[in-house]
Amino acid sequence: MARFIAFYLPQYYPTKENDEWWGKGFTEWTNVVKAKKCFWGHNQPHIPADLGFYDLRLAETREAQAQLAQEAGVEGFCYWHYWFGNGVTILDRVFDEVLKSGSPNFPFCLGWANESWTNTSWKKASAFVKSGTLLEQVYSDEDYVKHFYAVLPAFKDNRYITIDGKPLFYVYRPLNIPDATHFIEIWQNLAKENGLKGIHFVGMCFNTSFHSATTGKFVIPKLDEAASYYKRILDMGFDAVNARGNARAEYKISGSWYPVFKELINRLFKFHWNSRYNIKKINKHIFVPEDRWENVYPTILPNWDRSPRSGKRATVYTHSTPEAFEEVAKRAIEVVKDKAPDHQVVFIQSWNEWGEGNYMEPDQQYGKGYIKALRKVLSNLYNYGR
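Residues numbered from 1 in each chain as written. Predicted model: local features only at pLDDT ≥ 70, side-chain atom pairs only at ≥ 80, totals over all residues. Heavy atoms only, no water.

J.: Help me understand the layout of surface pockets, please; the structure alone is not making it clear to me.
T.: Sizing a probe to match a water molecule and rolling it over the atoms shows the empty space that remains. As a volume, the second largest pocket reaches approximately 350 Å³. Lining of the second largest pocket is provided by 22 residues; of these, N43, Y317, T318, H319 and S320 occupy positions nearest its centre. In terms of residue count, the dominant contributor to the lining of the second largest pocket is strand β13 (residues 315-318) (3 residues). Looking at side-chain class alone, the lining of the second largest pocket contains 8 nonpolar, 11 polar and 3 charged residues. (1 Å grid on protein atoms, 1.4 Å probe; cavity = no way out; pocket = protein on both sides within 12 Å on 5 of 7 lines; lining within 4 Å. Points joined across faces, edges and corners; volume = space filled by probe spheres on them. Helix = DSSP H or I, 4+ residues; strand = E, 2+ residues; numbered from the N terminus. Nonpolar A, V, L, I, M, F, W, Y, C, P; charged D, E, K, R; others polar.)

Spelled out as structure tokens, the structure:
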């Protein structure tokens with residue numbers, strides 16, 4: 001049976017840092033409710049239904065989320081994990097409480113969002129602030145050890161998602177780590193020293209890039225293959241790749257030069273416009289033959305609309321419906337069905353990224369439509385929940 005794992009954003013409660021950077025009481029909901037329509041027929045703002053504008057400090061909310069995810073057939077959540085180095089963390093309260101309380105009794109793994117935070121995406125009050133780095137991502141051997149022992153209790157929790165008997169650890173920006181192979185070796189050794197079989201490392205990979213894998217110089221992305229992109233991650237020592245095929249799909253629809261042209265116009269004339277794609281066309285191109293490799297885990301999206309965060313700079317997928325999600329979920333299962341049972345992993349981007357219009361949770365437009373769509377697919381193929 002396909003293993004659907006949904007990314008989970010813990011940005012729905014106020015923190016000291018966000019109060020300072022964006023204003024008292026800021027959470028992701030601040031972006032969601034202020035979203036405006038950017039073009040005729042644009043569906044904004046997106047308003048939550050069953051769970052409302054929740055506060056993730058409430059255990060009842062987290063329990064309700066897990067129940068809905070289980071109803072859909074999601075195996076577990078991949079909680080975004082923010083470790084910036086030197087022991088600096090943020091937004092860790094939600095997962096810490098899940099881990100320590102034992103509730104909800106729902107599988108999970110961690111996704112290391114290893115990139116610096118800047119203030120270029122959002123507004124503070126009504127005025128733009130000077131661009132700059134809020135939290136810098138740094139790396140060191142000493143910090144790798146501290147980081148490992150910080151997450152070791154999670155790895156040993158019986159709810160932690162494993163592949164081949166090893167806890168799954170997801171890395172968002174594998175190419176940002178100065179020597180990823182060295183980092184992986186340190187963690188694999190520490191894992192075995194602490195009674196684990198090892199770690200199953202998964203590195204995210206867009207199967208397109210404007211940078212050469214060998215020289216780092218500007219190149220036009222390859223749209224006819226993804227092997228070179230995937231191998232670059234696997235050769236670092238990652239056990240698997242999480243393929244993000246939507247960027248490639250955008251290039252297939254608009255052409256490889258479109259992002260370069262748009263950026264040039266933005267810089268020369270300070271003129272911005274939304275990039276719009278029909279999600280059915282995105283889904284048509286979202287998978288590549290290499291996604292059938294044993295060590296590649298593809299990604300599907302229920303929807304995508306980043307305008308709550310970026311306004312007219314945002315990319316928006318139109319015609320996002322539960323029916324479109326149902327179809328791409330079927331195709332994802334077809335892509336992974338011949339792999340070993342443990343490797344039939346499909347990532348869902350995401351469970352609750354409301355600021356990116358990228359969620360499965362119930363909303364005012366479709367209710368539990370996306371939840372019912374995935375459950376329908378699994379029920380028809382595997383008799384899930386019957």
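J.: What should I look at first to understand the packing of aromatic side chains in this one?
T.: Given two aromatic rings, one states the distance between the centres and the angle between the planes to describe the pair. The tally for this structure, following the rule as stated, stands at 45 aromatic pairs. Look at F77 and F106: their rings are 5.1 Å apart centre to centre, the planes differ by 65 degrees, and that puts the pair in the edge-to-face class. One end of the pair, F77, is in strand β2 (residues 76-85); the other, F106, is in the loop between α4 (93-101) and β4 (108-112), with 29 residues separating them in the sequence. In terms of burial, F77 and F106 fall into one category: buried. Judged by centre distance (6.0 Å) and plane angle (80 degrees), the rings of Y230 and W293 are edge-to-face. Residue Y230 is located in helix α7 (residues 227-234), and its partner W293 is located in the loop between α10 (279-285) and β12 (296-300); the two are separated by 63 residues in the primary sequence. In this structure W293 comes out as partly exposed when scored by relative accessible area, which is 28%. One cation-aromatic arrangement involves R276 over F39; the distance from NZ or CZ to the ring centre is 4.0 Å. (Phe/Tyr/Trp six-rings, centres within 6.5 Å; stacked < 30°, edge-to-face > 60°. Buried < 20%, exposed > 50% of the residue type's maximum accessible area, 1.4 Å probe, protein only. Lys NZ or Arg CZ within 6 Å of the ring centre and 35° of its normal.)

J.: Sorry if this is basic, but what is going on with the nonpolar core here?
T.: Within soluble globular proteins, side chains that are nonpolar generally end up buried alongside one another. In this structure, F169, Y170, W187, I300 and L374 are the most contacted members of the largest nonpolar core, which totals 115 residues. In terms of residues, this core owes the most to one element, helix α12 (residues 322-336), which gives 8 residues. Other than its neighbours up to four places away in sequence, Y170 contacts F7, C78, W80, L110, G111, W112, V202, M204, N242, R244 and F347. (Core = buried A, V, L, I, M, F, W, Y, C linked by side-chain atoms within 4.5 Å. Contact = heavy atoms within 4.5 Å.)

J.: Please explain unusual backbone geometry as it appears in this structure.
T.: Apart from glycine, the bulk of residues carry a negative phi angle, and the bulk of peptide bonds sit in the trans form. In this structure, the amide linkage connecting Q44 to the following residue, P45, adopts the cis form with an omega of -5 degrees. With respect to the helices and strands, P45 occurs in the loop between α2 (28-33) and α3 (59-72). The amide bond that connects S103 to the next residue, P104, takes the cis arrangement and shows omega of 0 degrees. Turning to its location among the elements, P104 is positioned in the loop between α4 and β4. The phi dihedral of L91 falls on the positive side, at around 55 degrees, and the residue is not glycine. As for its position among the elements, L91 is in the loop between β3 (88-90) and α4. For L91, a relative accessible area of 5% gives the class buried. Phi is positive for D164, close to 55 degrees, though the residue is something other than glycine. Looking at the secondary structure, you find D164 in the loop between β7 (162-163) and β8 (166-171).

J.: Looking at this structure, how should I read the state of the cysteines?
T.: Two cysteines whose sulfur atoms are joined by a covalent bond form what is called a disulfide. Taken as a whole and judged by the stated rule, the model has 0 disulfides. A disulfide-free cysteine, C109 has its sulfur positioned 3.7 Å from the sulfur of C78, the nearest such atom. (Disulfide = S-S within 2.5 Å.)

J.: Teacher, can you tell me more about the side chain of D291 here?
T.: Along the chain, D291 falls in the loop between α10 and β12. Despite being buried, D291 has no salt bridge partner; K339 is the closest side chain of opposite charge, sitting 7.0 Å away. In this structure the side chain of D291 is engaged in a polar contact, spanning 2.6 Å, whose partner is the side chain of Y230. Setting aside residues up to four positions removed in sequence, D291 forms contacts with Y230, A243, I286, V296, P298, V335 and K339. (Lys, Arg positive; Asp, Glu negative; His and termini not counted. Salt bridge = Lys/Arg side-chain N within 4 Å of Asp/Glu carboxyl O. Polar contact = N/O pair within 3.5 Å; in protein donor to acceptor, adjacent residues only side chain to side chain.)

J.: Is there a simple way to explain the pairing of strand β11 (residues 275-278) in this structure?
T.: Two faces, one strand: in a regular strand the side chains alternate between the faces of the sheet. Side chains S275 and Y277 project from β11 onto a buried face, and the interleaved R276 and N278 project onto a face without burial. As judged from the 4 bridges shared by β11 and β13, these two strands associate in the parallel manner. If you follow S275 over to β13, its bridge partner there is T315. (Pairing = 2+ DSSP bridges.)

J.: Just to check I follow, could you spell out the pattern of salt bridges for this structure?
T.: Where charged atoms of side chains with opposite charge meet at close range, the side chains can pair. Summed over the entire model, instances satisfying the criterion amount to 20 salt bridges. A salt bridge links K16 to E20; its shortest N-O distance comes to 2.9 Å. In this pair, K16 and E20 are both assigned in helix α1 (residues 16-22), 4 residues apart and thus about one turn of the helix distant. Since its relative accessible area comes to 45%, E20 is described here as partly exposed. Connected via shared salt-bridge partners are E28, R306, R309, E353 and E356.

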